Amino acid sequence: MTHDPVRLYRTVRLIRRFEERAIELVRAGEIVGGIHPYLGQEGIAAGVCAALRDGDLVTGTHRGHGHVLGKGADPARMLAELCGRVTGLNRGRGGSMHAADFGVGVLGANAIVGAAGAILTGAVWARRRRGDDLVGATFFGDGAVNEGMLLEAFNLAALWRVPVLFVCENNGYATTMPVAGAVAGTIAGRAAAFGMPATVVDGQDPEQVRDATAAAVARMRAGGGPELVEAHTYRFDAHHTFEHAVRLEYRPPDEVAAGRSRDPVDIQGARLPPAARAAVDAEVEATLAAAVAYALASPPPDPAAALEHLYASGLTARTGGG
Amino acid sequence: MPRLSYRRALTRALADEMTRDESVFLLGEDIRVAAANVTSGLLKRFGPERVLDTPLSEQAFTSFATGAALAGLRPVLEFQIPSLLFLVFEQIVNHAHKFPLMTGGQCAVPVTYLVPGSGSRTGWAGQHSDHPYSLFAHVGVTTVVPATPADAYGLLVSAIRCDDPVVVFAPAGALDVRADVVDLAPVPLGRGVVRRPGTDVTVVAVGHLVHDALAVADELADQVSVEVFDPRTLYPVDWDGLVGSVSRTGRLVVVDDSNRSCGIAGEIIATVVERVRLLAPPRRVTRPDGAVLPFAPALDRAVQPGRDQLTAAIQLTMKDG
Ligand SMILES: Cc1ncc(C[n+]2csc(CCOP(=O)(O)OP(=O)(O)O)c2C)c(N)n1
Ligand SMILES: [Mg+2]
């Protein structure tokens, strides 16, 4: 847990600039397949991860760069992964939507909406059973709260009192579907149905997210069961970068303007003396310049090894005839 | 010599592995009281911490097991109905199976999915009678279908020790098989076995159908010398062992309880003809395309591969060349 406003700002700023540099690399054709930008939502990953310990476990989403970076993955290896390089976190086998760094407790971004909650619940349960003192946080969007597998995970975690923080990033839309068109009842109400405490926070304020997380995590570490945090936020950019070419109309311009007016980078940045903020900005720029250079200088994986790592047992897939 | 039933062989495998390895534990529905008569006695021996009854939440507990495996445990899941594998196909195929590759080798997912009573159970009708092993072979999840008590023991042990997800189909048609068993030992994954040597035709039989193939081979013994090959593992298949057998006999018939289109029999025939020049066109005996098992016993039987069809297929193959 860090109370340091500078460190929190640094994470928010790092994720922001990472995403902006990644979008440039999408445009340049260096990142194929595009990305789901986390722009505008940085305060959530930064705030939650600031309240976690190194040994705690996390799972992320298709919009997952912030979760991976927030937990402490190396931005250079993360960017190399996005560029499909062999030096990437996943050796170029995962890309944007599957970035994982088990070394810092990130059991992966997961591209299937609502799927990761049960996986993290099992992992936290297993590690605690072996005596490790840790908790987990699993991120998901407002779209996931109608997925049966996530609701099953709520039940299992609450029933078996597994200390997992379910973090809902409510950015108002699942792709183009507004929350009002998709969610009966409320998101926090789903937690109540399983007997889980729920806290609703302003996801644009990194400190508010951090403090709510810290309080929930403290209860969980003291023996409490899972909790839910619903963080209200706004996605500043496209659902996915494909929208940069294909304009989809589903968010009124004044809503976008209002949403963008509450920027977590500025909200947290304003808590720093200008000189300190400028120093962090410069440091982040240097880190990302080095990350971009590292990614672009890294070799792609060898196509002959395309199915390497498919089987942990060493089984190899049959390729050609016989 | 002690007689061992197929079910008790599964129980012994679970108990032996739980004894040998603290990280092995069981999850499933009604397994504490052993409703499927496989986990009998295990709650008493190993306690509730290692024999977990789950709520009816197959998707959650299947992915829960994935997470537990990522964290170093070796879960064994029991499913009450083979079609529940459709419900958790996503969790097995899209998550457990894909994690090692997608993470670039950062993890292993050693989970065993055990289905006691796969295929027809006679009278359980459409939604309880599936045999979806070919689906798992298609996606590349290690898949075993033991035919005998010794293999039920040995393959389940190997599945639990394997560092990848493994689906273990225990066919309903084999659960009551008993055999004299001298030594129980692990059976390596991916290794088939010749159940009966012969010289005229190789019959590849999957799971419980091994016993039908042996019976047919005996019936035809004065006309045809039938070799019965049991692949045991359907992914990865023991291609070298199979090709060795067919190279000797020159003829191939496959009997497989899958629906015909895209079933494992098609893959077996395709691979063999890529590697061996046969004396006669190969044949397969399967469920029909798109089959759903109807309820009435005569209809249920009519849709499953049977001994008469197998006999006819062998005779046709012999006539063809
Ligand atoms: C189970 C599932 N259904 C559909 C999709 C396609 N899809 C990817 S992201 C997305 C929207 C998700 O919305 P939300 O959970 O609110 O997250 P956000 O994109 O807003 O961060 C959809 C429909 C998917 N990946 N997984
Ligand atoms: Mg959303």
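Residues numbered from 1 in each chain as written. Chains lettered and ligands numbered in written order. Predicted model: local features only at pLDDT ≥ 70, side-chain atom pairs only at ≥ 80, totals over all residues. Heavy atoms only, no water.

Caption draft 1: Geometry of the coordination of the magnesium ion (ligand 2). Residue and element names in this part refer to chain A. Protein coordination of the magnesium ion (ligand 2) is provided by Asp142 (OD), Asn171 (OD1) and Tyr173 (O), with donor distances spanning 2.0 to 2.2 Å. Sequence spacing of the donors to the magnesium ion (ligand 2): D-x28-N-x1-Y. Using a relative accessible area of 5% as the deciding quantity, one classes Asn171 as buried. Note on Tyr173: relative accessible area 10%, which makes it buried. (Donors = N, O, S within 2.8 Å, 3.2 Å for Na, K, Ca; no water. Buried < 20%, exposed > 50% of the residue type's maximum accessible area, 1.4 Å probe, protein only.)

Caption draft 2: Molecular detail of the packing of helix H5 (residues 116-129) of chain A against helix H3 (residues 58-70) of chain B. Where H5 of chain A contacts H3 of chain B, the two axes come as close as 6 Å, and the packing angle between them is 50°. By the criterion of interaxial angle, the relationship of H5 of chain A to H3 of chain B is oblique. Every pair of crossing elements has a handedness; the one defined by H5 of chain A and H3 of chain B is right-handed. When H5 of chain A is examined against H3 of chain B, the residues Ala118, Ile119, Thr121, Gly122, Ala123, Trp125 and Ala126 of chain A are found in contact with a partner set consisting of Ala60, Ser63, Phe64, Thr66, Gly67, Ala68 and Leu70 of chain B. The class makeup of the residues in the contact of H5 of chain A with H3 of chain B is nine nonpolar, five polar and no charged. (Axes fitted to C-alpha atoms, helices over the stretch in contact; angles between N-to-C directions. Helix = DSSP H or I, 4+ residues; strand = E, 2+ residues; numbered from the N terminus. Parallel < 35°, antiparallel > 145°, perpendicular 65-115°, else oblique. Left-handed = near helix turned anticlockwise from the far one by under 90°. Contact = heavy atoms within 4.5 Å. Nonpolar A, V, L, I, M, F, W, Y, C, P; charged D, E, K, R; others polar.)

Caption draft 3: Fine view of the domain arrangement of chain B. Residues and elements named next belong to chain B. When the domains of chain B are assigned, the result is domain 1 (3-180) and domain 2 (193-320). One C-alpha centre belongs to domain 1, the other to domain 2; they are set 26 Å apart. In this complex, domain 1 contributes 27 residues to the contact, which on the side of domain 2 involves 24 residues. Between domain 1 and domain 2 lies a buried interface of about 1,900 Å² when both sides are counted; carbon and sulfur atoms form 57% of it. Summed over the shared surface of domain 1 and domain 2, the result is two salt bridges. The interface formed by domain 1 and domain 2 contains 15 residue pairs in polar contact (both at pLDDT 80 or more). Elements represented by at least two residues in the side of domain 1 that touches domain 2 include exactly helix H7 (133-139), strand E6 (142-144) and helix H8 (149-161). Of the residues that constitute the side of domain 1 that touches domain 2, the class distribution is twelve nonpolar, 13 polar and two charged. (Domains from an automatic or database assignment. Buried area = accessible area lost by both parts, 1.4 Å probe. Salt bridge = Lys/Arg side-chain N within 4 Å of Asp/Glu carboxyl O. Polar contact = N/O pair within 3.5 Å; in protein donor to acceptor, adjacent residues only side chain to side chain.)

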